[in-house]
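So the chains spell out like this:
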Amino acid sequence: MAVHDKYDVVIIGAGPAGYVGAIKAGQLGLKTCVIEKDKCGGICLNWGCIPSKNLIHQAQVFGSIQELKEMGIKFNLDSFNYASVHKKSRKVVERLNRGIEFLLKKNKIELIKGKASISGKSKVSISDGRVLDTKTIIVATGSRPAEVPGFEFDHKQVLSSNDILSLQQLPESLVILGAGAIGCEFAYIMNTFGVKVTLVEMADHVLPFEDAEIAAILEKSFQKSSIDVLTGHKAVTLTKSDDGVDVTLEDPEGGRRTIKAQKSLCVFGRKPNTENIGLENVGLKTDNGYLPVSDFYQTAVDSVFAVGDVVATPLLAHVASKEAEIAVEYIAGQHPEPRIEIEAIPSAIYCEPQVASFGLTEDKAKQADIAYQKAVFPLSAIGKAVAIGKPDGIVKVLVSPDSHEIIGCHIIGHDATELIHEALLAKSSELLTDDIACMVHAHPTLSESIMEAMRAVEGMAIHY
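First things first, this report covers the structure right here in the doc. (Residues numbered from 1 in each chain as written. Predicted model: local features only at pLDDT ≥ 70, side-chain atom pairs only at ≥ 80, totals over all residues. Heavy atoms only, no water.)

Okay, the nonpolar core next. Ranked by internal contacts, the top residues of the largest apolar core, which has 50 residues, are Ile 35, Leu 104, Ile 118, Leu 132, Val 139 and Val 307. Counting residues in each nonpolar core, the second largest holds 40 residues, with Tyr 82, Ile 164, Val 229 and Cys 351 among its members. (Core = buried A, V, L, I, M, F, W, Y, C linked by side-chain atoms within 4.5 Å. Buried < 20%, exposed > 50% of the residue type's maximum accessible area, 1.4 Å probe, protein only.)

Rendered as structure tokens:
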């Protein structure tokens, strides 16, 4: 096989890690190639973050019909067709696909469509027979929905998160197994469009990795919207028939019940794509499917780096992108921080009400025996939230009792995923609660809730 031009960096995968890393490499003057077997943007753009957020937006528009009715406007929904909703979500994806390819071209990045594998410490083979010679390799092959024995996807009745984004017709009923971010987002989407939804979670509250007080508010909101929420229930078996699925659940006391639905969405986490990419050719081994990395996301082979979902860090697009930037800056001889600080990574769940957070939860602080002081401020005391009809939710902040350093912030409510960044910027800039509390905030805005929560740390909130 002929060996082609030598590159400074060859990146396998053009998802949020791969394409961002490629653009950064181009900006830093590195001769770079990115190889993608499917479409640019990875799972996030094609089958995750972007299409799901478009569906959420369309669900919000659909859900606003009740508000319009209160204005005296009459509607006839007989012509509503969910296929049109699906089509619109795919158009958004196509537009952003083209945008990424444009950005790669603009930054002089070579994009090769094909399947790649590592064939040596400085070589990458492509399915078309080419072999690329490179100084460094970055593995950014992402992840896929995890399957659990007994709940395998058939892509018709037992759906993955990819499958549900492909639906062009709504089911009458849906049982969702797993109430993490994906499960909660699709519970909101499907319920808003009129699907009968049952949401099942094995842990004792939805969003198991979020603050329990925040999760309780979301559960209450879901139940108010007629979503059946069953926490502390384990799915034991799933059987299929012509008219749907039967899912047997076991409660904490060992009692069993069966849930019937037309379809099931199984979201049991994700699995890294580290098989069949040639790791064995350079002696790299995985740990539970993930590639171990040292500082700057370098593997045990100096010339091979790994970023994004193939690394045992939070499986989030923004984490993948930042890891790729750090790796590329290191390769280019820059001096980046060696790793992302886990406690400074924002989490964002886009159901309504939205949930966003960073840092320690109360439970984690207690488990680690970390002293903390907390303050909670309700959105119902914020004029803007009441004015726009979104008064449900809270801002919760955890601080170090002595220094008032922010160690955690948790928000549930309208636009929480935008609001969280004010508190996160403060933490990243080593600001204290007083710095936000004393800063003049425009009125009326939802961001006043952050200011009031910081004032509440000293018991000095004005509006509550």
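Before going further, it helps to spend a moment on the packing of aromatic side chains. Per the counting criterion, the structure on display carries 8 aromatic pairs. Measuring from ring centre to ring centre gives 5.5 Å for Tyr 82 and Phe 193, while their planes differ by 75°; the resulting arrangement is edge-to-face. Of this pair, Tyr 82 sits in helix α5 (residues 82-106) while Phe 193 sits in the loop between α7 (181-192) and β10 (196-201), placing them 111 residues apart in sequence. Across the pair, Phe 193 and Tyr 82 agree in class, each one buried. Among the aromatic residues, those joined into a ring-pair cluster are Phe 62, Phe 80, Tyr 82 and Phe 193. (Phe/Tyr/Trp six-rings, centres within 6.5 Å; stacked < 30°, edge-to-face > 60°. Helix = DSSP H or I, 4+ residues; strand = E, 2+ residues; numbered from the N terminus.)

So, about the state of the cysteines. Tallied over the entire structure, the rule returns 1 disulfide. Cys 44 shares a disulfide with Cys 49; S-S distance 2.5 Å. Measuring handedness by torsion sign, the sulfur bridge of Cys 44 and Cys 49 sits at about -130° and is left-handed. Residue Cys 44 is classed as buried on the basis of its relative accessible area, which comes to 18%. Classification of Cys 49 as partly exposed rests on a relative accessible area of 30%. (Disulfide = S-S within 2.5 Å.)

To continue, consider helix α9 (residues 317-331). Side chains that are three or four residues apart share a direction in an α-helix, a result of its 3.6 residues per turn. Compared with an ideal rise of 1.5 Å per residue, which puts 15 residues at 21 Å, α9 spans 21 Å between its outermost C-alpha atoms and is within 8% of the ideal. Among the structural elements, α1 (18-27), β6 (131-139) and β17 (304-306) are those in contact with the buried residues of α9. One or two residues past the end of α9 sits Gly 333, with phi positive at roughly 85°. (Expected span 1.5 Å × (residues − 1). Contact = heavy atoms within 4.5 Å.)

Time to look at the pairing of strand β21 (residues 394-399). Where burial is concerned, most of β21 is hidden: 6 out of the 6 residues are buried. Of the two faces of β21, the one lined by Ile 394, Lys 396 and Leu 398 and the one lined by Val 395, Val 397 and Val 399 are each fully buried. Pairing of strand β20 (residues 373-378) with β21, which is carried by 6 bridges, proceeds in the antiparallel orientation. Of the residues in β21, the one forming a bridge with Ala 375 is Val 397. Bridging between β21 and strand β22 (residues 406-413) involves 6 bridges; their strand directions are antiparallel. Bridge pairing in β22 places Val 399 opposite Ile 406. Where β21 hands over to β22, the hairpin turn is made up of 6 residues, of which His 404 adopts a positive phi near 65°. (Pairing = 2+ DSSP bridges.)

This brings us to α7. For α7, with 12 residues, the first-to-last C-alpha span of 17 Å sits near the 16 Å given by 1.5 Å per residue. The set of residues buried in α7 consists of Gly 183, Cys 184, Glu 185, Phe 186, Ala 187, Tyr 188, Ile 189, Met 190, Asn 191 and Thr 192. Downstream of α7 by a residue or two, Gly 194 has a phi angle that is positive, lying close to 100°.

Turning to the packing of α1 against α9, a few remarks are in order. Interaxial distance between α1 and α9 falls to 8 Å at its minimum, and their mutual angle equals 35°. The hand of the α1/α9 crossing is right-handed. For the pair α1 and α9, contact is made by Val 20, Gly 21, Lys 24 and Ala 25 and by Ser 321, Ala 324, Glu 325, Val 328 and Glu 329, respectively. (Axes fitted to C-alpha atoms, helices over the stretch in contact; angles between N-to-C directions. Left-handed = near helix turned anticlockwise from the far one by under 90°.)

Summarising the sheet, β10 and strand β11 (residues 228-231) pair through 4 bridges and their orientation is parallel. Residue pairing for β11: Glu 201 is matched across the bridge by Thr 231. Of the crossover connections in this fold, the one passing from β10 over helix α8 (residues 212-224) to the parallel β11 is right-handed. (Right-handed = clockwise from strand over helix to strand, strands pointing away.)

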